Amino acid sequence: MDKSVIKEIGPSKVIQLFFPVSNFHAIVVVDNTALGPSIGGVRVCQDVTIEEVKRLARTMTMKNSVAGLPHGGGKAGIIADPRDPKKEHYFRIFSQAIKDLYEYIPGPDMGSNEECMAWIHDEIGRVAGLPEEIGGLPLDKLGATGFGLAECAEIACPYANIELKGARVAIQGFGSVGKAAAKFLSDKGSIVVAASDTKGSICNPDGLDIKELLDVKKEKGSVIHYKKGTVKKCEELFSTPCDILIPAATPDVISKENVEGVKAKLIIQGANIPITKEAEEILHKKGILSVPDFIANAGGVIMAAMEYAKKSEKEAFDAISERIKKNTKLILEKTFKEKTLPRQAAEAIAKERVLKAMAYRRVL
Ligand code: NAD
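These figures come from a predicted structure and were not determined experimentally. (Residues numbered from 1 in each chain as written. Predicted model: local features only at pLDDT ≥ 70, side-chain atom pairs only at ≥ 80, totals over all residues. Heavy atoms only, no water.)

A. Representation of the environment of Thr 145. Its location among the elements puts Thr 145 in helix 5 (residues 144-156). Separated by 118 residues in sequence, Thr 145 and Lys 263 have C-alpha atoms that sit 24 Å apart. (Helix = DSSP H or I, 4+ residues; strand = E, 2+ residues; numbered from the N terminus.)

B. Highlighting empty space enclosed by the protein. Applying the stated criterion across every chain yields a total of one cavity of 30 Å³ or more. Computed from the structure, the largest cavity encloses a volume of approximately 30 Å³. What lines the largest cavity is Val 66, Ala 67, Phe 294, Ile 295, Ala 298, Ile 302, Arg 323, Ile 324 and Asn 327. Residue assignment for the lining of the largest cavity shows that the elements contributing at least two residues are helix 9 (293-296) and helix 11 (313-338). Top contributing element to the lining of the largest cavity by residue count: helix 11, with three residues. Considered class by class, the residues forming the lining of the largest cavity number seven nonpolar, one polar and one charged. (1 Å grid on protein atoms, 1.4 Å probe; cavity = no way out; pocket = protein on both sides within 12 Å on 5 of 7 lines; lining within 4 Å. Points joined across faces, edges and corners; volume = space filled by probe spheres on them. Nonpolar A, V, L, I, M, F, W, Y, C, P; charged D, E, K, R; others polar.)

C. Fine view of helix 3 (residues 114-124). If you check which residues of helix 3 are buried, you get Glu 114, Cys 116, Met 117, Ala 118, Trp 119, Ile 120 and Ile 124. Those residues of helix 3 that are buried are in contact with strand 3 (38-44), helix 2 (87-97), strand 5 (104-108) and helix 4 (139-142). You can read the cap of helix 3 off the contacts: a side-chain oxygen lies 3.1 Å from the backbone nitrogen of Glu 115, and it is on Asn 113. Positive phi shows up at Gly 125, right after helix 3, with a value of about 80°. (Buried < 20%, exposed > 50% of the residue type's maximum accessible area, 1.4 Å probe, protein only. Contact = heavy atoms within 4.5 Å. Polar contact = N/O pair within 3.5 Å; in protein donor to acceptor, adjacent residues only side chain to side chain.)

D. Highlighting the domain arrangement of the protein chain. What the domain assignment lists for the protein chain is domain 1 (3-60 + 73-136) and domain 2 (144-299 + 327-348). Listed as interface residues are eight residues of domain 1 and, on the opposing side, eight residues of domain 2. Buried area between domain 1 and domain 2, summed over both chains or domains, comes out near 630 Å², and the portion from carbon and sulfur atoms is 59%. Counting the surface domain 1 buries against domain 2, the share from its top three residues, Arg 55, Thr 59 and Met 110, is 66%. The closest approach of N and O atoms between Asp 252 and Arg 55, which form a salt bridge, is 3.1 Å. Summed over the shared surface of domain 1 and domain 2, the result is one residue pair in polar contact (both at pLDDT 80 or more). Grouping the constituent residues of the side of domain 1 that touches domain 2 by class yields two nonpolar, one polar and five charged. (Domains from an automatic or database assignment. Buried area = accessible area lost by both parts, 1.4 Å probe. Salt bridge = Lys/Arg side-chain N within 4 Å of Asp/Glu carboxyl O.)

What follows is the structure in structure tokens.
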């Protein structure tokens, strides 16, 4: 058979786990394993759907491929409130249910953290993103993804005619990713002018003090309690006058409904699939550069894969910096040379590696 005809890369497995007696419902998607066992986070969210998990698993295939990791893409969603007191119980049920699904290695995602990964470890051992005490590189505590976003911004800024030092940044979502991005970008001299969480946005064109903002978020639970700024609605963050916009919360937050209000020159996609396809096309036409999720936010999975391969914290940070900088440059060069969308350039590079690996697979 001529393997060059391979067009579809996945998903290879879409599984629903349903235990009505325990009120437990979860979804697992293994998208592609040509490059190795799939790795991807476990999202805990009340409205996560099969479609969303499929899209997120594909993003992981692309992300792991471009990042040069020996892993395919997968993802899981547990349909529950992340604050549910039965969360540990759900994770233990989930672990047992995926015990023999060797082609999927779970990691942390929205609504799950290192503690949840420790529960999976205790049940089945096969997991990444563990707490330090049991040999993990705590990627959220270390800010792996936010660090990668800042490294990505450093390379992307000149392509958007921005200087990173002094650039004004707006961040949607002040969780693990958003907080670390704020810290690492302010270390590089950028000025965070707005940040948001589910309660609202806090804005100050002169800049927010990141250390104070982190303390306020920790002590009072929301950025809106920060005193030296104006409180606005969540949605207003997207139209903040700024140079760099970082969506770092949920999917599809920039769509054709609000894309015209975006004033940034550069978007670094911290969240997975934060911009709809239509909105990405509109941004491109408006000359707003948008670095796709699976290039920009690969820091977390690179660290998770490094932990799984028993590498040190320093080796993990070096790998994040080197790979994200190299890939950002590679896709932006291709984007400008071929006058294409950054996502198309990135997908072409990621898919080529997956297809080459798939060609070595046995034809059944
Ligand atoms: P998190 O749960 O720690 O933080 C999410 C933050 O977003 C919270 O502060 C929450 O209040 C806020 N938020 C939710 N809805 C919002 C809204 N409508 N408006 C404003 N803020 C809102 O999650 P996280 O780990 O920081 O992940 C954020 C995103 O980044 C997710 O899409 C995740 O898939 C993606 N991601 C995370 C990692 C990682 O290493 N944690 C790696 C790659 C991608």
